[in-house]
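Architecture and fold: a report
Below, each chain spelled out in residue letters.
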Amino acid sequence: AHVKQLQSHEAFSIKNPNKVRSLIGAFCSANPAQFHQPDGEGYRFLADSVLRLNELNPQIAARLLAPLIQWRRFDSSRQAQMKAQLERILAAEHLSKNVYEIAAKGLAA
């Protein structure tokens, strides 16, 4: 909830790759306790962010997928939730080649 709130802060811009990496990327990669909550909200947040960034900056969107493609490292409940978000991303219309490649390889591997 706090990270979502920070996205509306005047200092944050979804169009600035450094801001995206420092807020969204840091939350998903450096805050495992909150990102891997049992309800899967962190995974939904990341998938929503990737889909939003897909049209603005596909390279950054693809890089943000790193935490989701590591789904094999987790228990079966979290694996299912992470895979579901990857499938949701792959089902999106107008998906960039960058995001598609990372999501598809991460899901298949």
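Our structure is the block above this text.
Just so we're clear, the structure is a prediction, and the values are computed from it rather than from any experiment.

Approximately 250 Å³ is the volume attributed to the largest pocket. Together, 13 residues line the largest pocket, and Ala1, His2, Val3, Phe27 and Gln34 are the ones closest to its centre.

Interhelical geometry of helix 2 (residues 17-30) versus helix 4 (residues 41-56) gives an angle of 150 degrees and a closest axis separation of 10 Å. The orientation of helix 2 with respect to helix 4, classified from their angle, is roughly antiparallel. Considering how the two elements wind past one another, helix 2 and helix 4 form a crossing that is left-handed. Packed against helix 2, whose contacting residues are Val20, Ile24, Phe27 and Cys28, the element helix 4 presents Gly42, Phe45, Leu46, Ser49 and Leu53 at the interface.

What follows covers the pattern of salt bridges. For the structure on display, the rule yields 5 salt bridges. In this structure, arginine 44 and glutamate 41 form a salt bridge, with 3.1 Å as the shortest nitrogen-oxygen distance. On the criterion of helical spacing, the pair formed by arginine 44 and glutamate 41 is a turn pair, its members being 3 residues apart in helix 4. Relative accessible area serves as the criterion here: at 31%, arginine 44 is assigned to the partly exposed category. The exposure class assigned to glutamate 41 is partly exposed, which follows from its relative accessible area of 30%. In this structure, aspartate 75 and arginine 78 form a salt bridge, with 2.6 Å as the shortest nitrogen-oxygen distance. The network of salt bridges with shared partners includes Lys4, Glu41 and Arg44.

Definitions and cut-offs
Residues numbered from 1 in each chain as written. Predicted model: local features only at pLDDT ≥ 70, side-chain atom pairs only at ≥ 80, totals over all residues. Heavy atoms only, no water. 1 Å grid on protein atoms, 1.4 Å probe; cavity = no way out; pocket = protein on both sides within 12 Å on 5 of 7 lines; lining within 4 Å. Points joined across faces, edges and corners; volume = space filled by probe spheres on them. Axes fitted to C-alpha atoms, helices over the stretch in contact; angles between N-to-C directions. Helix = DSSP H or I, 4+ residues; strand = E, 2+ residues; numbered from the N terminus. Parallel < 35°, antiparallel > 145°, perpendicular 65-115°, else oblique. Left-handed = near helix turned anticlockwise from the far one by under 90°. Contact = heavy atoms within 4.5 Å. Salt bridge = Lys/Arg side-chain N within 4 Å of Asp/Glu carboxyl O. Buried < 20%, exposed > 50% of the residue type's maximum accessible area, 1.4 Å probe, protein only.

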